[in-house]
Amino acid sequence: MGTWHAKAMPLAKVTREGTPQKDTTSYAMPDQPIPYRRLRAILKTFGIVEDAKRGKGSERMFVGVVGGKIVRLPTKCHNEGDEKPYQVVKSIRRHFKLTKLDGVSDRDFYKRA
């Protein structure tokens, strides 16, 4: 076994308390909760819009074209600033084919807006 050097772990940084923390700046961002307003702006860059004439009450309707077909997805929104849980963001991305498997990385998705 060799000796350990500080340069051997370039992705770790030490906090004031002395505990190492992983530096995530070089990694793609996983699905995360984001405000509805930002989610709508991101989806708009992919050609998915909110149909104001559809949906009732707190339900909003996203409409987009996926694989040549019109796809609609209702989602709840009580307030534009409310954060959508990461599970909902993940579901929306799957529904509109905006996942890593479909060629849209997490970083590309979240950097849109």
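What you are looking at is a predicted structure, and each value in this text was computed from that prediction instead of being measured.

## Quick look at the side chain of Thr99
Right, on to step 1. If you trace the backbone, Thr99 turns up in the loop between α2 (86–95) and α3 (106–110).
Right, on to step 2. Setting aside its immediate chain neighbours within four residues, Thr99 contacts Arg93, Arg94 and Val104.

## Concerning the sheet that holds strand β4 (residues 49–51)
Right, on to step 1. One open sheet accounts for three strands, arranged β4-β5-β6; its pairing is antiparallel. Lying at the two open borders of the sheet, with one neighbouring strand each, are β4 and β6 (69–76). Looking at each pair of strands side by side, their axes are set apart by 35° on average, direction ignored.
Right, on to step 2. The strands touched by helix α1 (residues 36–45) are β4, β5 (59–66) and β6; relative to β5, the strand with the most contacts, the crossing angle is about 20°.
Right, on to step 3. Together, β5 and β6 form the strand contacts of α2, whose direction differs from that of β6 by roughly 170°.

## Concerning the side chain of Thr75
Right, on to step 1. Considering the arrangement of structural elements, one finds Thr75 in strand β6.
Right, on to step 2. At a separation of 3.4 Å, a polar atom in the side chain of Thr75 contacts the side chain of Lys84.

## What about the pairing of β6?
Right, on to step 1. Taken together, the eight bridges between β5 and β6 define a ladder with antiparallel strand orientation. By the bridge assignment for β6, Arg60 is matched with Thr75.
Right, on to step 2. Once β5 ends, the chain turns through two residues before running back antiparallel as β6, passing Gly67 with a positive phi of about 60°.

## As for the packing of aromatic side chains
Right, on to step 1. What the rule picks out here adds up to three aromatic pairs.
Right, on to step 2. Centre to centre, the rings of Phe109 and Tyr110 are 5.2 Å apart; their planes meet at 90°, and the pair counts as edge-to-face. No difference in accessibility class separates Phe109 from Tyr110, as the two residues are buried.
Right, on to step 3. Through pairs of rings, three or more aromatic residues link up here, namely Phe46, Phe109 and Tyr110.

What counts and what doesn't
- Residues numbered from 1 in each chain as written.
- Predicted model: local features only at pLDDT ≥ 70, side-chain atom pairs only at ≥ 80, totals over all residues.
- Heavy atoms only, no water.
- Helix = DSSP H or I, 4+ residues; strand = E, 2+ residues; numbered from the N terminus.
- Contact = heavy atoms within 4.5 Å.
- Pairing = 2+ DSSP bridges.
- Axes fitted to C-alpha atoms, helices over the stretch in contact; angles between N-to-C directions.
- Polar contact = N/O pair within 3.5 Å; in protein donor to acceptor, adjacent residues only side chain to side chain.
- Phe/Tyr/Trp six-rings, centres within 6.5 Å; stacked < 30°, edge-to-face > 60°.
- Buried < 20%, exposed > 50% of the residue type's maximum accessible area, 1.4 Å probe, protein only.

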